[in-house]
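Observations on the three-dimensional arrangement
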Amino acid sequence: MENSVDEPLLTDKKVMEEGYHSINTVRVRKEDESENSSPPDLDRIANRRAIILSRCCALLCVFLAVVDWVVLAEVIQKLQEPDEKGESYNKPMFLCFCIRTTYMIAFLPYVIWKFTPIGGEGRSDPEPFSSLYMFTRACILNVLGYISGYTWYMSLPITSVSANTAIYMCACAAVFLISIPVLREKITVIKVMSLLICCTGIVLVSLFSAPDQADIKPNTTFTDNLVDVHPDAVEEGKNRGSVLGYILVLISMFMYASYEVFYGYLLQTDQDKHPAMTSLKLVGYLGVTTPVLFGLTLPIWHFTGWETLMLPPADKMTLFFASIILDAVFNIFLLLAIALSNPTLASVGQSLALPGSMVADLIIHHFLMPWPALVGAGCVFCGFCGFVYEELRHNNNSRPSTVEDSTAEDRRALLDSTSEDNPPPYAESSLDDENSNVA
């Protein structure tokens, strides 16, 4: 009968080695468990380091997106300058179509990683989402993104530039509010205060920046620019925009915020070991679905007279293609930041494009914004830093609660409280059954 008792013990140990984690049947000597297992704190530390590394990569993507945005703004400004006849190139539907179709370039780094030795052993890992899942979700996201881009382009001629910028760049607040029910975004005092400071800075920069390029005076001094708050902007008869224009920019802002949040929502999974590559694949599908969904809009807009389908003049073709590539690269970096962190952090980081544009004006055009705009830029930067601090602090103090970790802790606590002479109550019946079968 002694052998009959030992055999179930070996059987139970074999079951554990094969990967079955039932604490009702696994019985291992405590000294074997202490020798072969690693402390649970090591897993937590490794998990925290991985989260911090992911956030740092997200911040790098945000920085690259901001730099891209500043360069893009300069290129679009040159593209839309009136020609000798006083006509400017304004084709919102055609621009949206070309830009979003160019998202297919995101497949290039994904294919290099997946099908070349550069990907290493990770390229053989199973992907969490099927191609059909990617395609259908890309269709939904593309509708949100396309409506956002088109309504924003339509709102530009019939709204004040400063008010339009202030409303659109405050999308970070809308992203945060939508993320609360959709992504279970945690509400903290620091996050709320950081968002309020950031939005206040956006309004200051937007209201006290130069209304147009004609107001830029490259030969003025530092003091002149500090006291110059552009009095021409309040002259009588100046176009302040229409109600329809502000409704369009509000629709654009809400659609863009929903686009960012649901992009992060669709990529939520614990099974994805390579979120950056998954994000690139989804961005590529956004480019693939653009001709499928909106290919007929171009001829419809052309033949109805809503927008004549035409390329820009020959002297602006380089600027046209540069703007398309830069816009696509900007969105790739922004969506990568969302995949590596969360939509709110990426959206708040996007607001850094305002102080970045101020630096570009100072370097390129030798123009220094008035002091309220400088204060606003400082508010944007402080709000962003506060939000990043809260994100890192929250992730550092959070404790992972995966199934594997909880199972290991339960098993360890069970083994510490039991022995061969004193098995757990729910294991005695199983052991008796096995002994009777052996007898």
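Higher on the page you've got the structure.
The text that follows walks through the structure, step by step, so that each part is easy to find. (Residues numbered from 1 in each chain as written. Predicted model: local features only at pLDDT ≥ 70, side-chain atom pairs only at ≥ 80, totals over all residues. Heavy atoms only, no water.)

Considering the overall build of the protein
To be explicit about the condition: Only DSSP runs of H or I covering at least 4 residues are called helices, and only runs of E covering at least 2 are called strands; the numbering of each starts at the N terminus. Exposure is judged per residue with a 1.4 Å probe applied to protein chains only, and the accessible area is read against the type maximum: over 50% gives exposed, under 20% gives buried, and values in between give partly exposed. Contacts are assigned to residue pairs with any non-hydrogen atoms lying within 4.5 Å of each other.
Secondary structure assignment for the protein yields 19 helices and zero strands. Each of the 439 residues in the protein was classed as buried or not, and the buried ones make up 44%. Across the protein, every contact between residues at least 6 apart in sequence was considered, and the portion connecting residues at least 24 apart equals 84%.

Looking at the packing of helix α12 (residues 275-294) against helix α14 (residues 317-340)
How two helices sit against one another is set out by the angle between their axes and by the gap between those axes. Basically, it comes down to this: Simply put, an axis is a line fit to the C-alpha atoms, just over the touching stretch for a helix, and the angle between two N-to-C directions goes from 0 to 180 degrees. Angles are sorted into four bins: roughly parallel if under 35 degrees, roughly antiparallel if over 145, roughly perpendicular if 65 to 115, and oblique for all others. It is the rotation of the near helix from the far one that decides the hand of a crossing: anticlockwise by less than a right angle makes it left-handed, clockwise makes it right-handed.
At a minimum axis distance of 9 Å, the contact between α12 and α14 shows a crossing angle of 135°. When the axes of α12 and α14 are compared, the pair comes out oblique. Handedness of the crossing formed by α12 with α14: right-handed. Judged by residue contacts, Pro275, Ala276, Ser279, Leu280, Val283 and Leu286 of α12 engage Ile332, Leu335, Leu336, Ala339 and Leu340 from α14.

A short note on the packing of helix α4 (residues 92-101) against helix α6 (residues 131-155)
As a reminder, the rule being used: Asp, Glu, Lys and Arg are counted as charged, while Ala, Val, Leu, Ile, Met, Phe, Trp, Tyr, Cys and Pro are counted as nonpolar; the rest, among them Gly, fall into the polar class.
Taken N-terminus to C-terminus, the directions of α4 and α6 make an angle of 140°; their axes are 9 Å apart at the nearest point. For α4 against α6, the interelement crossing comes out right-handed. Mapping the contact onto sequence places Pro92, Met93, Leu95, Cys96, Phe97, Ile99 and Arg100 in α4 and Leu141, Asn142, Gly145, Tyr146, Gly149, Tyr150 and Tyr153 in α6. Here the contact of α4 with α6 is composed, by residue class, of 10 nonpolar, three polar and one charged.

Re unusual backbone geometry
Positive phi values are uncommon outside glycine, yet Arg184 reaches one of about 55°. Structurally, Arg184 is set in the loop between α8 (171-182) and α9 (189-207).

A word on a nonpolar patch on the surface
Inclusion rule: Patch rule: a residue counts if its relative accessible area is over 30% and it has no salt bridge; like charges are joined within 9 Å, and nonpolar side chains (Val, Leu, Ile, Met, Phe, Trp, Tyr) within 5 Å. Values of accessible area rely on a 1.4 Å probe in the Shrake-Rupley scheme; residue burial ignores everything except the protein chains shown. Salt-bridge detection follows one rule: a side-chain nitrogen of Lys or Arg within 4 Å of a carboxyl oxygen of Asp or Glu.
Judged by side-chain polarity, Val143, Ile147, Val243, Ile247, Ile251, Val292 and Leu293 come together as a nonpolar surface patch covering roughly 560 Å² of accessible area. At three residues, the largest contribution of residues to the nonpolar patch is made by helix α11 (residues 243-266). Inspection of the secondary structure assignment puts Ile251 in helix α11.

Comments concerning the packing of aromatic side chains
Rules: Note on aromatic pairs: the rings of Phe, Tyr and Trp (six-membered ring only in Trp) are paired at centre separations within 6.5 Å, and the planes decide the class, stacked below 30 degrees, edge-to-face beyond 60, tilted for the rest.
Using the criterion set out here, one finds 13 aromatic pairs in the structure. Geometrically, the ring pair formed by Tyr146 and Phe294 is stacked, given 3.8 Å between the ring centres and 15° between the ring planes. Here Phe294 lies in helix α12 and Tyr146 lies in helix α6, a separation of 148 residues in the sequence. An identical accessibility class is assigned to Tyr146 and Phe294; each is buried. Ring geometry for Tyr168 versus Tyr256: centroids 5.7 Å apart, planes at 35°, classification tilted. In this pair, Tyr168 sits in helix α7 (residues 161-169) while Tyr256 sits in helix α11, placing the two residues 88 residues apart along the sequence. Ring-pair connections join several aromatic residues into one group, and the members of that group are Trp152, Tyr168, Tyr256 and Tyr259.

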